[in-house]
Each structure stands twice: as structure tokens, then as C-alpha cells.
Amino acid sequence: MSKRTAAWIAVAVAGAGAIYYVAMTAPPSSAGYAYRLLCPFICAGLLAAEELLERASGTDTGDGLGAFIKLFALACIVGGKAFALYAKIPYYDKLLHTVSGVLFTLVGARIYSLSRPECSAIAAAGAGILAALASGYLWELYEFAGDMFFGLNSQNWADGVAAYLPDAGGWLVTDPHGTGLIDTMTDMIVNFIGSLAAAASYAALHRRSI
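Bear in mind that the values here come from a model prediction, so they are computed numbers and not experimental data. (Residues numbered from 1 in each chain as written. Predicted model: local features only at pLDDT ≥ 70, side-chain atom pairs only at ≥ 80, totals over all residues. Heavy atoms only, no water.)

Let's shift gears to unusual backbone geometry. Non-glycine residue Tyr 91 carries a positive phi angle of around 65 degrees. Mapped onto the elements of the fold, Tyr 91 is located in the loop between α4 (85–88) and α5 (92–115). Of the residues examined, Tyr 91 reaches a relative accessible area of 67% and is grouped as exposed. The phi angle at Asn 156 is positive, at roughly 60 degrees, despite the residue not being glycine. (Helix = DSSP H or I, 4+ residues; strand = E, 2+ residues; numbered from the N terminus. Buried < 20%, exposed > 50% of the residue type's maximum accessible area, 1.4 Å probe, protein only.)

Below is the structure:
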């Protein structure tokens with residue numbers, strides 16, 4: 001059994017466990033129940049799409065990175081949403097943003113080195129950093145769009161709203177910087193920290209033509 005097959009088995013087991021957990025512990029009338037129940041299927045669909053894209057492009061991330069991608073998706077979608085770990089574990093979101101910096105840096109470095117076998121380890125690590133920063137930037141745009149157009153609270157902007165002042169025509173907030181801005185910037189900072197750590201490790205482990 002390959003490591004990739006083992007990773008897919010782990011995905012299936014975790015997904016089944018999440019479905020069972022939500023069905024047995026969350027009342028069907030609760031807010032977000034249907035979404036939480038669908039999370040394992042959403043996760044499986046995204047992972048299948050990633051696998052198909054990898055095969056169609058002829059890019060092999062390898063068993064180790066393939067397993068890392070699957071475990072990260074499980075932690076975000078199944079763990080964070082189906083098991084509600086975002087609310088249960090302090091800084092769970094920040095931890096995942098840090099790990100995302102590591103993951104996308106390694107994936108970016110891997111893809112760059114495969115497309116340019118003659119490149120140095122530093123060049124590949126640099127490409128990985130750019131991939132991680134780009135992915136973090138796009139994710140924050142996605143969260144902002146969801147908050148703006150669908151009334152979500154992905155960037156925790158609502159946490160700082162204390163009251164609406166009709167006479168002033170504005171909102172009373174708990175922080176002058178805005179909780180949404182603080183959440184976004186801290187997400188991007190920890191993403192960058194994780195990316196730098198991964199890039200340094202990659203360059204140290206792949207010392208070819210540095």
C-alpha cells in the first residue's frame with residue numbers, strides 16, 4: 001500500500017467519523033447543521049479535484065506532500081467545520097494559517113523545481129514563498145467577499161461591533177483598527193512566518209547549487 005493510498009483511507013475514515021459525530025451530537029435544528037454535515041463531502045470533492053488537476057497537469061507532488069495536502073484539508077474543513085474546532089480550540093485558525101504557509105511554500109517549491117530541474121534550492125524556496133503569499137492573499141479576498149456579500153463573519157469583523165449610532169450615522173466599535181483588519185493581518189503574518197520557516201528548511205535540505 002502506497003502512502004497516498006493510506007492518506008485516502010485516512011480521509012475516508014475521518015470523513016465517516018465526522019458525519020457520525022455531527023449526526024449524533026448536533027441537533028438538526030441548529031444553525032449550520034446541514035453545512036457541518038456536508039463538510040466531509042465538500043472536503044472529498046476538493047481533494048478529488050486536486051488529485052485530478054495534479055494528474056492532468058502531469059505534476060507529481062509526491063506521497064509526502066500529497067498526504068500533507070489531504071491532512072491539511074481535513075483539519076480545515078472536517079476538523080474546523082464539522083467538529084467545530086475553530087470555536088473549541090483557541091488560535092486553531094491561526095495555527096492553520098501558519099501551516100498553510102508551510103504547505104504552500106513546499107508545494108510551490110516542488111512545482112518550481114520540477115519545471116526547472118536546473119534551478120537552485122534558493123530559487124525554488126523563493127518561488128515557494130511567493131506561492132504561499134499568493135494563496136494567503138487570495139484566501140483573505142475570499143473571506144472578505146463572503147463577509148461583504150453573504151453576511152458571514154469569516155474575518156471576525158462583527159466581533160468588534162458594539163452598536164449602531166443613528167445620530168452619528170456610523171458604528172461604535174471596540175477597536176479603532178477594526179477586528180476584521182486585525183484578523184486579516186494576523187492571518188497574513190503567521191502565513192508569512194510559516195512560509196519563511198518552510199523555505200529555510202527546504203533550502204537547507206536541498207543544497208544543490210545554492
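Don't stop here, the text continues.
For the rest of this paragraph, the subject is the nonpolar core. Judged by nonpolar contacts, the single largest core of 21 residues is most densely connected at Cys 43, Leu 47, Val 78, Ala 82 and Leu 103. Residue assignment for this core shows that the elements contributing at least two residues are α1 (3–25), α2 (33–57), α3 (62–82) and α5. Of the residues forming this core, the biggest block, nine residues, is contributed by α3. Here Val 78 is in contact with Ala 14, Ala 18, Pro 40, Cys 43, Ala 73 and Phe 83, once residues within four sequence places are set aside. One finds Ala 109, Cys 119, Tyr 202 and Ala 203 within the second-largest nonpolar core, a separate group that totals eight residues. (Core = buried A, V, L, I, M, F, W, Y, C linked by side-chain atoms within 4.5 Å. Contact = heavy atoms within 4.5 Å.)

On to the pattern of salt bridges, then. With the rule as written, the count across this model stands at five salt bridges. Put simply, Arg 55 and Glu 51 hold a salt bridge, and the shortest N to O gap is 3.7 Å. Of this pair, Arg 55 and Glu 51 are both found in helix α2, four residues apart, which corresponds to roughly one turn of the helix. Looking at Arg 55, the relative accessible area reads 64%, which means it is exposed. (Salt bridge = Lys/Arg side-chain N within 4 Å of Asp/Glu carboxyl O.)

Our next topic: the packing of helix α6 (residues 121–150) against helix α7 (residues 179–205). Helix-helix packing is described using two parameters, namely the angle between the two axes and the distance between the axes. For the pair α6 and α7, the least separation of the axes is 9 Å and the interaxial angle reads 160 degrees. Overall, the two elements α6 and α7 adopt an arrangement that is roughly antiparallel. Of the two elements, α6 crosses α7, and the hand of that crossing is right-handed. Residues Ala 121, Ala 124, Ala 125, Gly 128, Ile 129, Ala 132, Leu 133, Gly 136, Glu 140 and Glu 143 of α6 pack against Asp 183, Thr 184, Asp 187, Met 188, Asn 191, Phe 192, Ser 195, Leu 196, Ala 199, Tyr 202 and Ala 203 of α7. When its residues are assigned to classes, the contact of α6 with α7 shows 12 nonpolar, five polar and four charged. (Axes fitted to C-alpha atoms, helices over the stretch in contact; angles between N-to-C directions. Parallel < 35°, antiparallel > 145°, perpendicular 65-115°, else oblique. Left-handed = near helix turned anticlockwise from the far one by under 90°. Nonpolar A, V, L, I, M, F, W, Y, C, P; charged D, E, K, R; others polar.)

What follows covers a nonpolar patch on the surface. On the surface, a cluster of nonpolar side chains totalling about 760 Å² of accessible area is made up of Tyr 137, Leu 138, Leu 141, Leu 181, Met 185, Met 188, Ile 189 and Ile 193. Of all elements in the fold, only α6 and α7 reach the threshold of two or more residues within the nonpolar patch. Counting residues per element, the nonpolar patch draws most heavily on α7, which supplies five residues. When you line up the elements, Met 188 lands in helix α7. (Patch = residues over 30% accessible without salt bridge, like charges linked within 9 Å, V, L, I, M, F, W, Y side chains within 5 Å. Areas by Shrake-Rupley, 256 points an atom, 1.4 Å probe, with all protein chains shown as cover.)

Looking now at the packing of aromatic side chains. By the definition in use, this model includes four aromatic pairs. Look at Tyr 21 and Phe 83: their rings are 4.8 Å apart centre to centre, the planes differ by 35 degrees, and that puts the pair in the tilted class. Remark: Phe 83 occurs in the loop between α3 and α4 and Tyr 21 occurs in helix α1; sequence separation between them is 62 residues. Residue classification places Tyr 21 among the partly exposed residues on the basis of a relative accessible area of 23%. We classify Phe 83 as partly exposed; its relative accessible area is 25%. (Phe/Tyr/Trp six-rings, centres within 6.5 Å; stacked < 30°, edge-to-face > 60°.)

Here the focus is the pairing of strand β2 (residues 170–173). In the case of a regular strand, side chains alternate between the two sheet surfaces. Sheet topology note: the strand β1 (residues 161–165)/β2 ladder contains four bridges and is antiparallel. Its bridge partner lying in β2, Ala 163 is registered against Leu 172. (Pairing = 2+ DSSP bridges.)

The next thing to look at is α6. Look at α6: 43 Å from first C-alpha to last across 30 residues, which is about the 44 Å you get at 1.5 Å a residue. In the stretch just after α6, Gly 151 is the one whose phi turns positive, near 65 degrees. (Expected span 1.5 Å × (residues − 1).)

Just geometry here; none of it tells us what the structure is for.
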